[in-house]
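# Overview (structure and organization)
Here is how the chains run, residue by residue.
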Amino acid sequence: QKEVEQDPGPLSVPEGAIVSLNCTYSNSAFQYFMWYRQYSRKGPELLMYTYSSGNKEDGRFTAQVDKSSKYISLFIRDSQPSDSATYLCALSRREYGNKLVFGAGTILRVKS
Amino acid sequence: KAGVTQTPRYLIKTRGQQVTLSCSPISGHRSVSWYQQTPGQGLQFLFEYFSETQRNKGNFPGRFSGRQFSNSRSEMNVSTLELGDSALYLCASSPAGEPNEQFFGPGTRLTVL
């Protein structure tokens, strides 16, 4: 079983829709949770970083962490065609230093 | 502030050769991590260097090695290349040694023929 599970999609939505992207993890020791966006042929770009349960909002993006369920989510409001990319969740724990454990990534396509 | 830079951006090698990839972190960042990205395995952690010391290592064979210089720049070396080493190699920098925001470079795409 992988440490982090993420549905690879693709997920196709119309422009303006609310998008929900999710990851589950098996090790309750994970403490740090990140979401990255990766466009084709580019490096991952950090979208959200959090180390606690609850919600964190940044513009159209909201990250949600539920440690009791070992479940994290990224919501994108008013999705745009420019949001079309692969979204990767990444987790870490203090003992790992800066080692990140990534989900497989979800391909998102926003249609205009 | 300039982002993470990686050189070269593209590389083609043949089996059995060796390759060295370079990464320059964001100014002031002391931690550099390397990742391999393939369609089948996704993003996998190779190793992390902090203040010229390897702090963490992933589950890769000894053919994969790295080092970090006093200016925090890092190099990664792969010896005796295999076809399966074809991948996007990504470097990420972070300001500190503890879990922190990490910023990725554009990657080096290595093709092994």
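Model, not experiment: these values are computed from the prediction. (Residues numbered from 1 in each chain as written. Chains lettered and ligands numbered in written order. Predicted model: local features only at pLDDT ≥ 70, side-chain atom pairs only at ≥ 80, totals over all residues. Heavy atoms only, no water.)

### Thoughts on the overall build of chain B
In terms of regular secondary structure, chain B is built from 0 helices and 11 strands. Since a compact globule built from 113 residues should have a radius of gyration of about 13 Å, the 13 Å found for chain B is in line with a globular shape. Its C-alpha atoms give chain B principal-axis dimensions of about 35 × 25 × 25 Å. Expressed as a percentage of its 113 residues, the buried residues of chain B come to 50%. Long-range pairs, those at least 24 residues apart, make up 53% of the contacts in chain B with a sequence separation of at least 6. Of the roughly 5200 Å² of accessible surface on chain B, a fraction of 47% belongs to carbon and sulfur atoms. If you average the places of the 11 positive and of the 7 negative side-chain charges in chain B, the two averages end up 7 Å apart. (Helix = DSSP H or I, 4+ residues; strand = E, 2+ residues; numbered from the N terminus. Rg over C-alpha atoms; globule rule 2.2 N^0.38 Å. Buried < 20%, exposed > 50% of the residue type's maximum accessible area, 1.4 Å probe, protein only. Contact = heavy atoms within 4.5 Å. Areas by Shrake-Rupley, 256 points an atom, 1.4 Å probe, with all protein chains shown as cover. Lys, Arg positive; Asp, Glu negative; His and termini not counted. Charge placed at Lys NZ, Arg CZ, Asp CG, Glu CD.)

### Quick word on the sheet that holds strand S3 (residues 19-25) of chain A
Residue and element names in this part refer to chain A. Pairing is antiparallel in the open sheet, where 5 strands are placed in the order S1-S3-S8-S7-S6. The outermost strands of the open sheet, each flanked by one partner alone, are strand S1 (4-5) and strand S6 (54-58). Of the strand pairs in this sheet, S1 and S3 are connected by 2 bridges, and their pairing is antiparallel. By the bridge assignment, Glu5 is partnered in S3 with Thr24. (Pairing = 2+ DSSP bridges.)

### Overview of the packing of aromatic side chains
Residue and element names in this part refer to chain A. Enumeration over the complete set of coordinates arrives at 13 aromatic pairs over all chains. Ring plane angle 50° and centroid distance 6.4 Å describe the contact between Tyr32 and Tyr51, whose orientation is recorded as tilted. Note that Tyr32 is positioned in strand S4 (residues 32-38) and Tyr51 in the loop between strand S5 (45-50) and S6, a separation of 19 residues in sequence. On the basis of relative accessible area, Tyr51 is assigned to the exposed category, the value being 55%. On the basis of an interplanar angle of 50° and a centroid distance of 5.8 Å, the ring pair of Tyr36 and Phe102 is categorised as tilted. Taken together, the residues span a long stretch of sequence, with Tyr36 in strand S4 and Phe102 in strand S10 (residues 101-102) at a distance of 66 residues. Note on accessibility: Tyr36 and Phe102 belong to one class, buried. Over the ring of Tyr96 we find Lys99; its NZ or CZ atom is 4.5 Å from the centre of that ring. (Phe/Tyr/Trp six-rings, centres within 6.5 Å; stacked < 30°, edge-to-face > 60°. Lys NZ or Arg CZ within 6 Å of the ring centre and 35° of its normal.)

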